[in-house]
Amino acid sequence: MSTKKKIFDIIQIGDKSNFASRLFDIFIVINIFANITAVFLQTFRELNAYSTLFHTIELITTIFFCVEYLLRIWTADYLYPNYSEFKSRLRFLISYDGIVDLLTILPAFYLSGFVVFRMLRVIRIFHLFRINMQYDSFNVITKVLWEKKNQILSSVAIIVILMLASSLCMFSAEHEAQPQVFRNAFSGLWWSVSTVLTVGYGDIYPITILGKCMAIVIAFLGVGVVAIPTGIISAGFVEQYTKDSATTNYKKLDIQDVVEILVDNKLAGRTLADVRKKERLTTYLVLRNGLTVLPNDDLKLKRDDIVVAKIEK
């Protein structure tokens, strides 16, 4: 194996089979935390005496970021083997990982007066996300968000519509009474965001009777609407956990103990909990029309369903 291939295997994130790669991941995580901590502590005037130390830590950790970035560019042809060496490197540069790596090191070379480059130091946190997303814990989160994206987007759309409508209503009700507070619709939007999202800063509030009545209704609607995406995500986590648990149990099961039961007229219409109890089964999967159905207790079996189970002795 060439040196280039060995380096590629080491710097690949989430390779649990390679001990050197795992150590490299741990080193990068420590490097990120050290960098962010140094930048964070630089903002305290009480710690000005240690500013040289903080700048040194930031410089050293940034050098490691630069080395990692260059190594990833150098080994990009292994990451994209179907492309030429030039195209593979170009593809890495415009990929999520490549952009995060670039924005991680870019603030170290900012020019005086360019505040935006100093603000980009926050991007280093996404460098940590990039490592975490290669492991199971982060994969569960991304999987739930992706599977529930349509429901989440729908609920967010409802929240946005409610905020826009409430901002216009509040502006209409309060503008004449508080022209300096509710100057335009954006002032109403700021109030609606803090109210609908149940933050309630209290810097802008209605003083008219109509405005107060509207605020009561909007506040109640906000509590209910904001809870929708939370419930969707929570249900998604429970569903994903059930799937992972069922898959884990299935992998550990001896294949000789598994039976497939074709649901006939006798079993059709009965709940899975009833069949489990009377037939003394431990169910793992239910196959229906080529699809996998989670084996919930209240699931009603249909004719021609296939129940993958184990008969208890």
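Above this text you will find the structure in question.
These figures come from a predicted structure and were not determined experimentally. Here the residue index of a chain counts from 1 through its sequence in written order. Since the coordinates come from a predicted model, pLDDT governs what is reported: local features require at least 70, and pairs of side-chain atoms require 80 or more to be given and counted, while whole-chain, interface and lining totals use all residues. Remark: hydrogens and water are excluded; side-chain values derive from all non-hydrogen atoms of the structure.

*Asks:* Please explain the overall build of the protein chain as it appears in this structure.
*Replies:* The helix and strand inventory of the protein chain stands at 13 helices and 4 strands. Burial classification: accessible surface area is computed with a 1.4 Å probe over protein chains only, and a residue below 20% of its type maximum counts as buried, one above 50% as exposed, and the rest as partly exposed. Buried residues in the protein chain amount to 33% of all 313 residues. Only heavy atoms enter the contact rule, under which two residues are in contact if any of them lie within 4.5 Å. A fraction of 62% describes how many contacts in the protein chain between residues 6 or more apart in sequence connect residues 24 or more apart. Residue-level accessible areas treat just the shown protein chains as cover; the underlying method is Shrake-Rupley with a 1.4 Å probe. Surface summary for the protein chain: the accessible area is close to 19,700 Å², and the carbon and sulfur share equals 66%. In this description a helix means any DSSP run of H or I spanning at least four residues, a strand means any run of E spanning at least two, and both kinds are numbered starting from the N terminus.

*Asks:* Help me understand the side chain of threonine 75, please; the structure alone is not making it clear to me.
*Replies:* Its place among the elements puts threonine 75 in the loop between helix H3 (51–74) and helix H4 (76–79). With relative accessibility at 1%, the residue threonine 75 sits in the buried group. Definition of a polar contact: a pair of N or O atoms within 3.5 Å, with one able to donate and the other able to accept a hydrogen when the atoms are protein atoms, and with sequence-neighbouring residues admitted only if both atoms are side-chain atoms. Of the polar contacts made by the side chain of threonine 75, one reaches the backbone oxygen of leucine 71; its length is 2.9 Å. In contact with threonine 75, other than residues within four places in its own chain, are Lys4, Ile7, Phe8 and Ile11.

*Asks:* Before we go on, may I ask you to explain the nonpolar core in this structure?
*Replies:* As a rule of thumb, nonpolar side chains are buried together in soluble globular proteins. By convention a nonpolar core is built from buried Ala, Val, Leu, Ile, Met, Phe, Trp, Tyr and Cys residues, the set being connected through side-chain atoms within 4.5 Å. With 13 residues, the main nonpolar core has Ile159, Met170, Phe182, Trp191 and Val196 as its most contacted residues. When contributions to this core are tallied by element, the ones reaching two or more residues are helix H10 (149–174), helix H11 (185–196) and helix H12 (209–252). No other element matches H10, which puts 5 residues into this core. Phenylalanine 182 has contacts with Met170, Phe171, Glu174, His175, Ser187, Gly188, Trp191, Ile204 and Tyr205, leaving out every residue within four places of it along the chain. With 12 residues, the next largest nonpolar core counts Phe24, Ile32, Ile73 and Tyr80 among its residues.

*Asks:* Would you mind showing me how to read the packing of helix H2 (residues 19–41) against H3 here?
*Replies:* For helices, the fitted line uses only the C-alpha atoms of the stretch in contact; every axis is such a line through C-alpha atoms, and the angle between N-to-C directions lies from 0 to 180 degrees. Packing of H2 against H3 leaves a shortest axis separation of 9 Å and a crossing angle of 140°. Relative to H3, H2 is oriented oblique. For the pair H2 and H3, the sense of crossing is left-handed. On H3, the residues touching Phe24, Phe27, Ile28, Asn31, Ile32, Ala34, Asn35, Ala38, Val39 and Leu41 of H2 are Phe54, Ile57, Glu58, Thr61, Thr62, Phe64, Phe65, Glu68 and Arg72. When residues are grouped by polarity, Ala, Val, Leu, Ile, Met, Phe, Trp, Tyr, Cys and Pro land in nonpolar, Asp, Glu, Lys and Arg in charged, and all others, Gly among them, in polar. A per-class count over the contact of H2 with H3 returns 12 nonpolar, 4 polar and 3 charged. With respect to orientation, any angle under 35 degrees is reported as roughly parallel, any angle over 145 as roughly antiparallel, any angle of 65 to 115 as roughly perpendicular, and every other angle as oblique. Crossing chirality is assigned from the near helix's rotation relative to the far helix, an anticlockwise turn below a right angle marking it left-handed and a clockwise turn marking it right-handed.

*Asks:* I'm lost on the sheet that holds strand S4 (residues 306–311) in this one. Help?
*Replies:* Either a parallel or an antiparallel arrangement is found when strands of a sheet pair, and the pairing is made through backbone hydrogen bonds. The antiparallel open sheet is built from 4 strands, whose spatial order is S1-S4-S2-S3. Each edge of the open sheet is held by one strand with a lone partner, namely strand S1 (258–262) and strand S3 (291–293). For this sheet, the mean angle separating the axes of adjacent strands, direction not counted, is 30°. Here, a strand pair is defined by DSSP locating no fewer than two bridges between the strands. Pairing of strand S2 (residues 281–288) with S3 involves 3 bridges; the strand directions are antiparallel. Within the sheet, the bridge partner assigned to arginine 288 lies in S3 and is leucine 291.

*Asks:* Would you take a moment to explain the packing of helix H1 (residues 3–11) against H3 for this structure?
*Replies:* Helix packing geometry: the angle between the two helix axes and the distance between the axes. Axis separation between H1 and H3 bottoms out at 10 Å; the angle between their running directions is 120°. When the interaxial angle is binned, H1 and H3 end up oblique. In the crossing of H1 with H3, the sense of the turn from one axis to the other is left-handed. Across the interface between the two elements, Lys4, Ile7 and Ile11 from H1 touch Leu71, Arg72 and Trp74 from H3.

*Asks:* Help me understand a nonpolar patch on the surface in this model?
*Replies:* Taken together, the side chains of Phe19, Leu23, Ile26 and Ile30 define a hydrophobic patch exposed on the protein surface, amounting to about 440 Å² of accessible area. Among the structural elements, isoleucine 30 can be located in helix H2. Like-charged residues are merged into a patch within 9 Å and nonpolar side chains (Val, Leu, Ile, Met, Phe, Trp, Tyr) within 5 Å, provided each residue has over 30% relative accessible area and no salt bridge. Salt bridge criterion: a side-chain nitrogen from Lys or Arg within 4 Å of a carboxyl oxygen from Asp or Glu.

*Asks:* How do you make sense of the side chain of arginine 72 when you look at a structure like this?
*Replies:* Mapped onto the elements of the fold, arginine 72 is located in helix H3. A distance of 2.6 Å separates a polar side-chain atom of arginine 72 from the backbone oxygen of isoleucine 11.

*Asks:* Help me understand the packing of aromatic side chains, please; the structure alone is not making it clear to me.
*Replies:* The relative placement of two aromatic rings is captured by the distance of their centres and the angle of their planes. When two rings of Phe, Tyr or Trp (its six-membered ring) have centres within 6.5 Å they constitute a pair, described as stacked for plane angles under 30 degrees, edge-to-face for angles over 60, and tilted for the intermediate range. Using the criterion set out here, one finds 6 aromatic pairs in the structure. Between phenylalanine 27 and phenylalanine 64, the ring centres sit 5.1 Å apart and the planes meet at 90°, which makes this aromatic pair edge-to-face. Of the two residues, phenylalanine 27 sits in helix H2 while phenylalanine 64 sits in helix H3, which places them 37 residues apart along the sequence. Classification of phenylalanine 27 as partly exposed rests on a relative accessible area of 35%. What makes phenylalanine 64 partly exposed here is its relative accessible area of 35%. On the basis of an interplanar angle of 40° and a centroid distance of 6.4 Å, the ring pair of tyrosine 69 and phenylalanine 92 is categorised as tilted.

*Asks:* For this particular structure, what's the right way to read H1?
*Replies:* Three or four residues apart is the spacing at which side chains of an α-helix point the same way, because the helix has 3.6 residues per turn. Along H1, the positions that sit buried rather than exposed are Lys4, Phe8, Asp9 and Ile11. Each element contacted by the buried residues of H1 is listed here: H2, H3, H4 and helix H5 (85–93).

Function cannot be inferred from these measures alone, as they are strictly geometric.
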